[in-house]
Amino acid sequence: MDENSEAAGAKAADSYMQILKSTIVMGGSSVVNVAFSVIRNKAVAVMLGPDGVGLMGLYNTITDTVQTLAGMGVQASGVRQVAEAVGSGDADRIGRMVTVLRRVSLVLGIVGMGLLAAFSLPIAQFTFGDHTHAVALALLSVSVFLRLVSGGQTALIHGLRRISDLAWISMLGAFASTVICIPLIYFFREEGIVPSLIGIAIATLATSWWYSRKIQIPAAEASLKEMGQETGALLKLGFAFMASAFLTVAAAYAIRIIILRLGGIEAAGLYQAAWALGGLYAGFILQAMGTDFYPRLTAVSSIDSECNRLVNEQAQISILLAGPGLIATLTLAPVLMTVFYSSEFQAAVELLRWICLGMMLRIVSWPMGFIILAKGAQKILFWTEVAATVVHVGLAWLLVELFGLAGAGAAFTGLYVWHAMLTYVIVRRLSGFRWSGANLTIGLVFLAAAMAVFLACLVLSLPEAIAVGLLASLASGLWSLRRLLKLIPRERLPFGRLIPRWI
């Protein structure tokens, strides 16, 4: 019995260590990305102000929407199909899958480019109220093509779980994006936005191609019928992912339109700044979750007990790592907004605090949502996203009208209150999932701490609120570290010997 307990403990420690390693690798690359992002955002904010940041955000949202629609979810389904092919050990199937993924991505890239070029006039009219930006949108169709082709290369690397390659792609892409963006904006101001976005897409494709070309793929020996079957499976699964992702980006587009109608491009720029800053720290955790956790969960998706164990383990590590950072971001919102952007963006501070609350809930609910993805429950995934889109856009339409820009952040928080409850009900039916006692405790502690700091920011003076928030950040950080040390032996942690023994 003792041997079984020891074996189970060792297995759990190994699993927690795998989660932590992938988070550190992707988180480390994210730190580099954030550094370049800070430089890039600061430069754009200083040179163009809220209007320029808003215009760049709107262009990005439009291209994201078209890319998602034209991409047919192939990047997400490609990860799953490649992971399954590798798991089967069938060299022919792996070769077929990779060939199909690359060809389909190329064709979809051409389709996406044609869609944005063809509909640039009506999209410009709907978004901005005139045709002034139609030429810019037509030119941005090139970036849609480049991003879709790059997505196919990235899906291959992701499906093979080459985490370090993904990290390097991310870091090199961030470096190239910064080097390309700042000079173009400096010399051409607003006219440099479109060339910079195209240049960023070129850099992304170049880095993903460089790493994907190094992968040795078995030669595909397959009939036309077999290739057609692989293509059909990829697109069928991808359609569900596309529908889900399209609803998400369409909601983001709709909310920006609501804000644009209320306060113009300047308000859209304030929202873009708060959204980017609110997602910086949480992005470390969410990126690692999608990179390593999703393929691992897919591999055991047919075994409910294993599936549920992995989700609880991932959630526990994610909340412990993300909680203190989000509380600190919420606390230091006025300082961070000035440091990362400029004093012109102080009007977005309250919005940023609401977004931090929503991100805390997002960290809690996301691991559960991967059960739906891993089990390939396409209809459930689609209708869940429909419900989330209706709730998010509906709340934004109501709350922005009542409370101004901060209402958009409150809508985001409301979305994840709803999403967490709905997802839990669904995964209970799919796999019998239940939160572990440890996760319930950790989740409640961090949500309560975040709410307390949020309320302190509303009722106390700024110095008092910052003092309370920093104390909560420090206390929660130490508490998180102690919990991590109970899950993973100190000697296995990076720099574990440097951690004081009293913790």
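Residues numbered from 1 in each chain as written. Predicted model: local features only at pLDDT ≥ 70, side-chain atom pairs only at ≥ 80, totals over all residues. Heavy atoms only, no water.

A. Structural view of the overall build of the chain. Each helix and strand in the chain was counted, giving 15 helices and 0 strands. When the 503 residues of the chain are sorted by exposure, 55% land in the buried category. Considering only contacts within the chain whose residues lie at least 6 apart along the sequence, 84% involve residues at least 24 apart. Summed over all atoms, the accessible surface of the chain reaches about 21,400 Å², with 67% contributed by carbon and sulfur. (Helix = DSSP H or I, 4+ residues; strand = E, 2+ residues; numbered from the N terminus. Buried < 20%, exposed > 50% of the residue type's maximum accessible area, 1.4 Å probe, protein only. Contact = heavy atoms within 4.5 Å. Areas by Shrake-Rupley, 256 points an atom, 1.4 Å probe, with all protein chains shown as cover.)

B. Region of the structure containing a nonpolar patch on the surface. On the surface, Met-451, Leu-455, Leu-458, Val-459, Leu-460 and Val-468 cluster together to form a nonpolar patch covering roughly 530 Å² of accessible area. Take the nonpolar patch: its biggest share by element is 4 residues, from helix α14 (residues 437-459). For Leu-458, a relative accessible area of 51% puts it in the exposed group. (Patch = residues over 30% accessible without salt bridge, like charges linked within 9 Å, V, L, I, M, F, W, Y side chains within 5 Å. Salt bridge = Lys/Arg side-chain N within 4 Å of Asp/Glu carboxyl O.)

C. Representation of the packing of helix α11 (residues 349-374) against α14 within the structure. Where α11 contacts α14, the two axes come as close as 10 Å, and the packing angle between them is 175 degrees. As the angle between them shows, α11 and α14 are arranged roughly antiparallel. Seen from α11, the contacting residues are Arg-353, Trp-354, Leu-357, Met-360 and Leu-361; seen from α14, they are Phe-446, Leu-447, Ala-450, Met-451, Phe-454 and Cys-457. Each residue belonging to the contact of α11 with α14 can be placed in one class, and the counts come to 10 nonpolar, no polar and 1 charged. (Axes fitted to C-alpha atoms, helices over the stretch in contact; angles between N-to-C directions. Parallel < 35°, antiparallel > 145°, perpendicular 65-115°, else oblique. Nonpolar A, V, L, I, M, F, W, Y, C, P; charged D, E, K, R; others polar.)

D. The arrangement of the nonpolar core in detail. Core analysis: the largest hydrophobic core is formed by 135 residues, its most contacted members being Tyr-59 and Met-337. For this core, the element with the highest residue contribution is helix α8 (residues 224-299), accounting for 23 residues. (Core = buried A, V, L, I, M, F, W, Y, C linked by side-chain atoms within 4.5 Å.)

E. Fine view of the packing of helix α9 (residues 304-331) against α14. The contact between α9 and α14 brings their axes to 10 Å, and the two run at 10 degrees. Compared by their axis directions, α9 and α14 come out roughly parallel. In this structure, α9 contributes Asn-312, Ala-315, Gln-316, Ile-319, Leu-320, Gly-323, Pro-324, Ile-327, Leu-330 and Thr-331 to the contact, and α14 contributes Ala-438, Asn-439, Ile-442, Phe-446, Ala-449, Ala-450, Val-453, Phe-454 and Cys-457. Across the contact of α9 with α14, the residue classes tally to 14 nonpolar, 5 polar and no charged.

F. Up close: helix α4 (residues 120-128). Among all positions of α4, only Ser-120, Ile-123, Ala-124, Thr-127 and Phe-128 are buried. Along the axis of α4, the buried residues cluster in a sector spanning 100 degrees; they form a single face. Looking one or two residues beyond α4, the residue adopting positive phi is Gly-129, at roughly 85 degrees. (Arc of directions from axis to C-beta.)

G. Local environment of the packing of aromatic side chains. Within this structure, the stated rule accounts for 15 aromatic pairs. Seen from their ring centres, Tyr-59 and Phe-128 are 6.3 Å apart, and the 70 degrees between their planes marks the pair as edge-to-face. Of the two residues, Tyr-59 is situated in helix α1 (residues 2-71) and Phe-128 in helix α4; the sequence distance between them amounts to 69 residues. In terms of burial, Tyr-59 and Phe-128 fall into one category: buried. (Phe/Tyr/Trp six-rings, centres within 6.5 Å; stacked < 30°, edge-to-face > 60°.)

H. Seen up close, the pattern of salt bridges. Counted under the stated rule, the structure contains 4 salt bridges. Three or more residues joined by partner-sharing salt bridges are found here, namely Glu-306, Arg-309 and Glu-313.

I. View of the side chain of Thr-68. Mapped onto the secondary structure, Thr-68 falls in helix α1. Only 2.7 Å separates the side chain of Thr-68 from the backbone oxygen of Asp-64, close enough to count as a polar contact. If near-sequence neighbours (up to four positions away) are discounted, Thr-68 is found in contact with Gly-73, Met-242, Ala-245, Phe-246 and Val-249. (Polar contact = N/O pair within 3.5 Å; in protein donor to acceptor, adjacent residues only side chain to side chain.)

J. Structural view of unusual backbone geometry. Residue Met-72 is not a glycine yet carries a positive backbone phi of 55 degrees. Mapping Met-72 onto the fold places it in the loop between α1 and α2 (74-88). One non-glycine residue with positive phi stands out, namely Arg-189, at about 55 degrees.

K. Geometry of the side chain of Thr-423. Inspection of the secondary structure puts Thr-423 in helix α13 (residues 406-431). By relative accessible area, Thr-423 is classed as buried at 1%. For Thr-423, the side chain forms a polar contact with the main-chain oxygen of His-419, separated by 2.7 Å. Contacts of Thr-423, omitting those with residues within four sequence positions, involve Ser-365, Met-368 and Gly-369.

L. How the structure looks around a negative patch on the surface. Side chains of Asp-51, Glu-190, Glu-191, Glu-266 and Glu-344 sit close together on the surface and give a patch of like negative charge. Tracing the backbone through its elements, the reader meets Glu-191 in the loop between α6 (163-188) and α7 (193-212). Residue class for Glu-191 comes out exposed when judged on its relative accessible area of 62%. (Lys, Arg positive; Asp, Glu negative; His and termini not counted. Charge placed at Lys NZ, Arg CZ, Asp CG, Glu CD.)

Limitation: the analysis is restricted to geometry and does not speak to function.
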